[in-house]
Amino acid sequence: GLKVAVIGGGSSYTPELIEGFIIRAKELPVDDIYLVDIEEGKEKLSIVGELAKRMFFKAGLKTRVHMTLDRKEAIEDADFVITQIRVGGLEARARDERIPLRYNVIGQETTGPGGFAKAIRTIPVILDICRDIEELSPDAWLINFTNPAGIITEAVLRYTNVKTIGLCNVPIGMVNNVAKILNVDSKRVRIEFVGLNHMVYGKEIYLDGKNITSTVLKKLSDSALINMNNIPDLNWDKDFIYSLGMLPCPYHRYFYMTDEILEEEIKAFQSGEGTRAQQVMKIEKDLFEKYKNPSLDEKPKELEKRGGAYYSDAAVSLISAIYNDKEEIHTVNVRNNGAISNLPDDVVVEINSVISKTGAKPIAFGKLPIKINGLIQQVKSYELLTVKAGVTGDYYTALMALIANPLVPSVKIAKKILNDILVQNRDYLPQF
Ligand code: NAD
Ligand code: G6P
Ligand code: MN
Ligand code: MN
C-alpha cells in the first residue's frame with residue numbers, strides 16, 4: 001500500500017481529506033498517513049489526528065495515522081505528498097486582507113496584494129519542503145493545495161525537480177453548481193476549463209455531451225448564482241455574461257466587479273463582522289470544539305461553511321487517477337506545454353488535463369479568445385514577477401509585481417502596500 005504525507009496536517013480541512021481516502025479505499029490502498037505540522041500547530045494536529053484515527057476505525061480500515069513535527073520522517077519514501085500549509089497562520093491572513101483595504105484596494109487572501117503577500121511568505125517554505133522531497137522521496141508526487149495555488153505551483157515547477165500538480169476546488173465546485181442549477185447529477189456535466197488558478201473560465205459547458213453553454217449562461221444572468229462560501233454573493237450583470245459568452249469563476253468578481261466587492265469588504269469590516277480571516281477564526285474555533293469530541297467519528301457538517309467544499313473529492317480522485325493510471329480528465333494547475341498557444345510553454349495554467357501515472361497532460365486548447373486574453377496575460381505577468389520576488393527577495397521585482405497586478409491602481413499605492421507588507425511580515429520573509 002501507499003504512504004501519504006500531509007504537510008499542514010493540523011488544518012481543519014484534514015477530515016475532508018480523510019473522508020476522501022475512506023470513500024476511495026478500495027481503489028486506493030493507503031497503509032500510512034503522516035500528518036505533519038509545526039510547533040505552533042501541535043494542538044490542532046493532535047485533535048485532527050485523533051479524529052482521523054476514529055474515522056478510519058469507524059470505516060473498518062487499517063490505515064495508520066501518524067502525527068509528527070518531523071517533516072523528513074513523513075516525506076521519506078512517501079508516494080504522495082500533499083501540501084496545505086498556511087505560513088503565519090490566520091493572523092497573517094488577516095493582515096493580508098487588511099493592508100490593501102486601508103488603501104481602498106481589494107483585501108483577499110489569494111488575489112491582489114493579499115495573495116502576493118501570502119505567496120512571498122510561502123515560497124521559501126515550499127521550496128524547503130521540496131528540497132526534502134528531492135532528497136528523501138524523489139519519485140513522490142506533490143499535490144499542492146497551498147495558496148495562491150497557481151503561483152506556488154509555478155515556483156515549484158521553476159525552481160525544483162519535484163513532480164507536482166497544483167489543485168483547487170473551484171473547477172469541481174463550478175461543475176457541481178452547474179449540475180445543481182440544471183437539477184442533474186454532476187457526472188453528466190462537463191466543462192472545458194481554461195485560464196489560471198482563481199482566474200479560470202468555463203469556455204464550453206456540456207450536458208451528456210451536448211453543448212448547453214448558452215442555457216447555463218441564461219440561467220446565470222436570470223439570477224442563479226455560482227459561488228464559494230468565502231466570496232460575497234453578488235450576481236453577474238446580464239449583459240456582461242451575454243457578451244463574455246463563457247462561465248466566469250467565482251473569483252472573477254474581484255476583477256470584473258471590483259468596486260462592488262470592495263464595498264462589501266468595507267461593509268463587513270466596519271460592521272465588526274471582520275475580514276474573511278476573522279470570520280474563519282470563529283468558524284475554526286467551533287470546528288475544533290467539535291473535532292475534540294471523542295464520540296465524533298465523521299466529518300462534521302459545519303466544515304461546509306469553509307470555502308474548501310469538495311476539496312477532498314478533488315485531491316483524492318486525482319491521486320487515484322495517478323495511482324491507477326486512469327487517463328481521466330481533471331482540471332489542474334500544470335505546465336502549459338503548448339496547450340494554450342498564446343502563452344509560453346513553461347508557465348503554469350489551470351486547464352483540463354489527462355491524468356495518468358506519468359502525471360498531468362494538458363489538453364490542447366488553442367488560442368485564448370481575445371475577450372479574456374488580456375486579463376490572463378496580465379495576471380500571468382504578475383504571477384511570474386511574484387515568483388521571482390519570492391525567490392530572490394528583490395524589492396524592485398516585488399514592486400513591479402504589485403504594479404502589474406490589475407487590482408492595484410497606481411505606483412504610489414503599490415509602494416505603500418508593499419512597504420506595509422514587508423514591515424508586517426518581517427518574521428516570515430528571510431529572503432528580503
Ligand atoms: P490552517 O491554518 O488551518 O492549516 C494549515 C496548517 O499548516 C496549520 O495547522 C499550520 O500550523 C500548518 N503549518 C504552517 N506552516 C507549516 C509548515 N511550514 N510546515 C508544516 N505545517 C505548517 O489553514 P487552512 O485554512 O486549512 O488552509 C491551508 C492551506 O490550504 C492554505 O494555504 C489555504 O489557502 C489552502 N487552501 C487551498 C484550497 C485550494 O482550493 N487550493 C482550498 C482550501 C484551502
Ligand atoms: C476556496 C478556494 C480556496 C480558498 C478557500 C478559502 O475554496 O478555492 O483556494 O483558500 O476557498 O476558504 P476559507 O473558508 O478559508 O475562506
Ligand atoms: Mn510504497
Ligand atoms: Mn482555490
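Residues numbered from 1 in each chain as written. Chains lettered and ligands numbered in written order. Predicted model: local features only at pLDDT ≥ 70, side-chain atom pairs only at ≥ 80, totals over all residues. Heavy atoms only, no water.

With respect to the site of ligand 1
Heads up, the rule is: Nearness here has a simple test: a residue counts as near a molecule or strand if at least one of its heavy atoms is within 4 Å of that partner. Under the rule applied, a polar contact is a pair of N or O atoms within 3.5 Å (in protein, one hydrogen donor and one hydrogen acceptor; residues adjacent in sequence only if both atoms are side-chain atoms). Only the protein chains shown count as cover for residues, and all accessible areas are computed by the Shrake-Rupley method using a 1.4 Å probe.
Around ligand 1 lies a shell of 25 residues, among which Ser11, Asp37, Ile85, Lys118 and Arg306 are the nearest. Interatomic distance of 2.8 Å between a side-chain N/O atom of lysine 118 and an oxygen atom of ligand 1. A distance of 3.3 Å separates an oxygen atom of ligand 1 from a polar side-chain atom of glutamate 284. With the chains in place, 93% of the 860 Å² that ligand 1 exposes on its own is no longer accessible.

Description of unusual backbone geometry
Inclusion rule: Segments assigned H or I by DSSP are reported as helices when at least four residues long, segments assigned E as strands when at least two residues long, and all are numbered from the N terminus.
Cis geometry marks the peptide bond from asparagine 147 to proline 148, where omega comes out at -10°. The residue proline 148 is located in the loop between strand E5 (141–144) and helix H6 (149–159) in this model. In this model, aspartate 208 sits at a positive phi of 50°, which is unusual for a non-glycine residue. Locating aspartate 208 in the fold gives a position in the loop between strand E8 (199–207) and strand E9 (210–211). For asparagine 337, which is not glycine, the phi torsion reads 50° and is therefore positive. Turning to its location among the elements, asparagine 337 is positioned in the loop between strand E10 (328–335) and strand E11 (348–356).

Considering the packing of aromatic side chains
The criterion, for reference: Each Phe, Tyr or Trp ring (for Trp, its six-membered ring) is paired with any other whose centre lies within 6.5 Å, and the angle between the two planes then decides the class: stacked below 30 degrees, edge-to-face above 60, tilted in between. Note on exposure labels: buried denotes an accessible area under 20% of the residue type's maximum, exposed denotes more than 50%, and partly exposed covers the range between, all computed with a 1.4 Å probe on protein chains only. Either the NZ atom of lysine or the CZ atom of arginine qualifies as a charge over a ring when it sits within 6 Å of the ring centre and within 35 degrees of the ring normal.
All told, the structure shown has 6 aromatic pairs when counted by the stated rule. An angle of 35° between the planes, with centres 5.4 Å apart, marks the rings of tryptophan 236 and phenylalanine 240 as tilted. The exposure classification of tryptophan 236 matches that of phenylalanine 240, with both residues buried. Above the face of the tyrosine 34 ring, lysine 3 is positioned so that its terminal group lies 4.4 Å from the ring centre. The ring of tyrosine 206 has arginine 190 sitting right over it, with the charged end atom 4.6 Å from the ring centre.

Quick word on the site of ligand 2
Ligand 2 sits among 16 residues. The nearest are Arg93, Asn147, Asn169, Arg276 and Gly307. Between an oxygen atom of ligand 2 and a side-chain N or O atom of glutamate 109, the distance comes to 3.1 Å. Between asparagine 230 and ligand 2, the recorded distance is 3.2 Å, taken from a side-chain N or O atom to an oxygen atom. The fraction of the free accessible surface of ligand 2 (390 Å²) that becomes covered by protein chains is 93%.

Describing the confidence of the model for the chain
The condition is simple: Summary of the metric used: pLDDT quantifies the predictor's per-residue confidence within the range 0 to 100.
Scored by pLDDT, the chain has a mean of 96; 100% of the residues are at 70 or more. The complex model carries a pTM of 0.97, and its ipTM stands at 0.97.

Thoughts on the coordination of the manganese ion (ligand 4)
Threshold: A 2.8 Å cut-off from the metal defines N, O and S donors, relaxed to 3.2 Å for Na, K and Ca; water is not in the atom list, so some sites may appear incomplete.
Each protein donor to the manganese ion (ligand 4) is listed here as Cys168 (SG) and His198 (NE2); together their distances run 2.2 to 2.4 Å. In this pair, cysteine 168 is assigned in the loop between strand E6 (163–166) and helix H7 (170–182) and histidine 198 in the loop between strand E7 (189–196) and E8, connecting sequence segments 30 residues apart. Grouping residues by exposure puts cysteine 168 and histidine 198 together as buried.

Details of the pattern of salt bridges
Where we set the bar: Definition used for salt bridges: Asp or Glu carboxyl oxygen within 4 Å of a side-chain nitrogen of Lys or Arg.
Across all of its chains, the model carries 30 salt bridges by this definition. Between glutamate 289 and lysine 292 there is a salt bridge whose closest N-O contact spans 3.2 Å. Taken together, the positions of glutamate 289 and lysine 292, both in helix H12 (residues 276–292) and 3 residues apart, correspond to about one turn of that helix. Here the salt bridges share partners, and the residues they tie into one network are Glu154, Arg158, Asp346, Lys380 and Glu383.

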